[in-house]
Amino acid sequence: MKIEWNSAKMADVFDLQMGKTPDRSNAAFWNGSETWVAIGDMGESKYISSSKEMITSEAVSVSGIKRVPANTVIMSFKLSVGKVAIAKSDLYTNEAIMAFNVKPGYDILPEYVYYYLKGYKWQGSNRAVMGVTLNKASISQGNFKYSDSQEQSRIVAELDLLTGIIDKQNAQLKELDNLAQAIFYDMFGDPIENPKGWEVKKMGDVAQDIFAGGDKPEDCSDQLSDEYRYPVIANGVGDRGVLGYSKEYRVGVDAVTVGARGASIGNCRICKAFFTPVVRLITIIPGVNFDIVYLFYAVQLLNFNINGAGQAQLTVPNVKSQNVVVPPLALQQSFAEKIQSIEKQKETIRASIADTQKLLDYTMDKYFG
């Protein structure tokens, strides 16, 4: 059966509704019982019903902020563009989030809208001071393609199946991470309390070197062959932590890096040899007392002293003065072998996630592209 598709402007199908931020200087507006969603509250979950900050009924009344009814799709359109969720219950949002209220006369499923917006490629966005943003006018002119509710349900079911597979695979990764941490505690105990009585030393005394990152070198990605492309690394996970590539490298051995500022302060990763760390990153090169895998897990569990009355930051002296337990190297290496086995399982799962994500992207492009 041939599918009949309809197409209209977003403004024709939806009553687009921006949120507000009540006056923060008025204590009577905050710590109430009304859910008030900000971009930081929106993650990977399809549905949202809670928020870190709550507002009062007085804030709603005085500010004139409009309620977002349950089963309405919301989307971030400033700073972090394109985070999407469905309101599981009535809530309110800040001004960086748009609610897509379906107008009377349109039979549109919220789950269909959710996937449509996740896959939508916005055109004509404006570059603001802090990043790419949309506005109500540009969203209004966006195109919305839809079919009857039965076909919408079929599309949603197909996309739910694929996202469900990815969710299960991500859950498997978390379980393996929990297993790795459990093995660490079983073999070494809590690195802060040190119940097994291991030798304790200052990080600066047992690491070969500890230093802060420098300025980002010029990105030479387009000029270099793969053999001479050294990654420039900032704080982040996987490819998101790679800012570009340089002709030279600053670190020629495997090392542990620690986020030094911002929301990702204290985040750790193992960086393979031949890379350049930049600002907001502290690099720890392990000495002869450390296996790098053990060091990575130990550093994650330390309680660093954080400096800064304004923006918190971790400094090289903070890291050097940190106490760290130093179990026998042979035991650390035994732990590393166990982790290597877990990492191989994780690589297999990540590859499967990548394949499933490609299929999901293809399917979304097929329907919404």
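No experiment lies behind these values; they were computed from the predicted model shown. For every chain, the first residue of the written sequence is number 1, and numbering continues from 1 along that sequence. Local features in a predicted model are, by the rule used here, given only for residues with pLDDT of at least 70; side-chain atom pairs are given and counted only at 80 or more, and totals for whole chains, interfaces and linings are based on all residues. Based on all heavy atoms of the structure, the side-chain values leave hydrogens and waters out of the count.

Chemist: Which parts of the structure should I look at to understand the sheet that holds strand 15 (residues 230-233)?
Modeler: Within a beta sheet, neighbouring strands are joined by backbone hydrogen bonds and run either parallel or antiparallel to one another. The mixed open sheet is built from 3 strands, whose spatial order is 16-15-19. Edge positions in the open sheet fall to strand 16 (242-246) and strand 19 (276-277), since each of these has one partner strand only. Paired strands are those between which DSSP finds at least two bridges. Here a strand is any run of E in DSSP of at least two residues, a helix any run of H or I of at least four, and the numbering for each starts at the N terminus.

Chemist: Is there a simple way to explain unusual backbone geometry in this structure?
Modeler: Trans peptide bonds make up most of the peptide bonds, and negative phi angles are found at most residues other than glycine. Despite not being glycine, asparagine 31 has its phi angle at roughly 65°, a positive value. Note on placement: asparagine 31 falls in strand 3 (residues 30-37). With a relative accessible area of 74%, asparagine 31 lands in the exposed category. In this structure, asparagine 71 is a non-glycine residue whose phi angle is positive, near 75°. Along the chain, asparagine 71 turns up in the loop between helix 2 (57-63) and strand 6 (73-76). When accessible area is computed with a 1.4 Å probe and restricted to protein chains, residues below 20% of their type maximum are described as buried, those above 50% as exposed, and intermediate ones as partly exposed.

Chemist: Looking at this model, I keep getting lost on helix 7 (residues 292-300). Mind explaining?
Modeler: Residue pairs three or four apart in sequence face the same way in an α-helix, which turns once every 3.6 residues. Across the 9 residues of helix 7, 8 count as buried, placing the element largely inside the fold. Every buried residue of helix 7 is accounted for by Ile292, Val293, Tyr294, Leu295, Phe296, Tyr297, Ala298 and Val299. Its side-chain oxygen placed 2.9 Å from the backbone nitrogen of valine 293, aspartate 291 serves as the N-cap of helix 7. The definition of a polar contact used here is a pair of N or O atoms within 3.5 Å, where within protein one atom must be able to donate a hydrogen and the other to accept one, and adjacent residues in sequence count solely through side-chain atom pairs.

Chemist: Please explain the sheet that holds strand 18 (residues 268-271) as it appears in this structure.
Modeler: The strand order across the open sheet formed by 4 strands is 14-20-17-18, and the pairing between neighbours is antiparallel. Each end of this open sheet is capped by a strand with a single partner; those strands are strand 14 (207-212) and strand 18. Direction aside, the axes of adjacent strands within the sheet are offset by 25° on average. Bridging between strand 17 (residues 255-259) and strand 18 involves 4 bridges; their strand directions are antiparallel. The partner of valine 256 across the bridge, within strand 18, is isoleucine 270. The contact rule is simple, with two residues in contact once any of their heavy atoms fall within 4.5 Å. Inter-axis angles, ranging from 0 to 180 degrees, are taken between N-to-C directions of lines fitted to C-alpha atoms, where helices are fitted over the stretch in contact. Against the sheet, helix 7 engages strand 17, strand 18 and strand 20 (281-286), with an angle of about 165° to strand 18.

Chemist: In this structure, what is going on with the packing of helix 7 against helix 9 (residues 329-368)? I would like to understand it.
Modeler: For any two helices packed against each other, one specifies the inter-axial angle together with the distance between the axes. Between helix 7 and helix 9, the shortest axis-to-axis distance is 8 Å and the interhelical angle comes to 85°. Judged by the inter-axis angle, helix 7 sits roughly perpendicular to helix 9. Residue-level contacts link Val293, Tyr294 and Tyr297 of helix 7 to Gln332, Phe335, Ala336, Ile339 and Glu343 of helix 9. Nonpolar residues are Ala, Val, Leu, Ile, Met, Phe, Trp, Tyr, Cys and Pro. Charged residues are Asp, Glu, Lys and Arg, and all others, Gly as well, are polar. Residues of the contact of helix 7 with helix 9, tallied by class, amount to 6 nonpolar, 1 polar and 1 charged. The scheme is simple: roughly parallel for angles under 35 degrees, roughly antiparallel for over 145, roughly perpendicular for 65 to 115, oblique for anything else.

Chemist: Whenever I open this one, the pattern of salt bridges confuses me. Can you help?
Modeler: Between side chains of opposite charge, a pair can form when the charged atoms approach closely. By definition, a salt bridge exists where a carboxyl oxygen of Asp or Glu is found within 4 Å of a side-chain nitrogen of Lys or Arg. Tallying each qualifying case throughout the model produces 12 salt bridges. Residues arginine 24 and glutamate 53 are paired through a salt bridge, measuring 2.9 Å at the closest nitrogen-oxygen approach. Of this pair, arginine 24 sits in the loop between strand 2 (14-18) and strand 3 while glutamate 53 sits in the loop between strand 4 (47-48) and strand 5 (54-55), and the two are 29 residues apart along the sequence. You can call glutamate 53 partly exposed: its relative accessible area is 31%.

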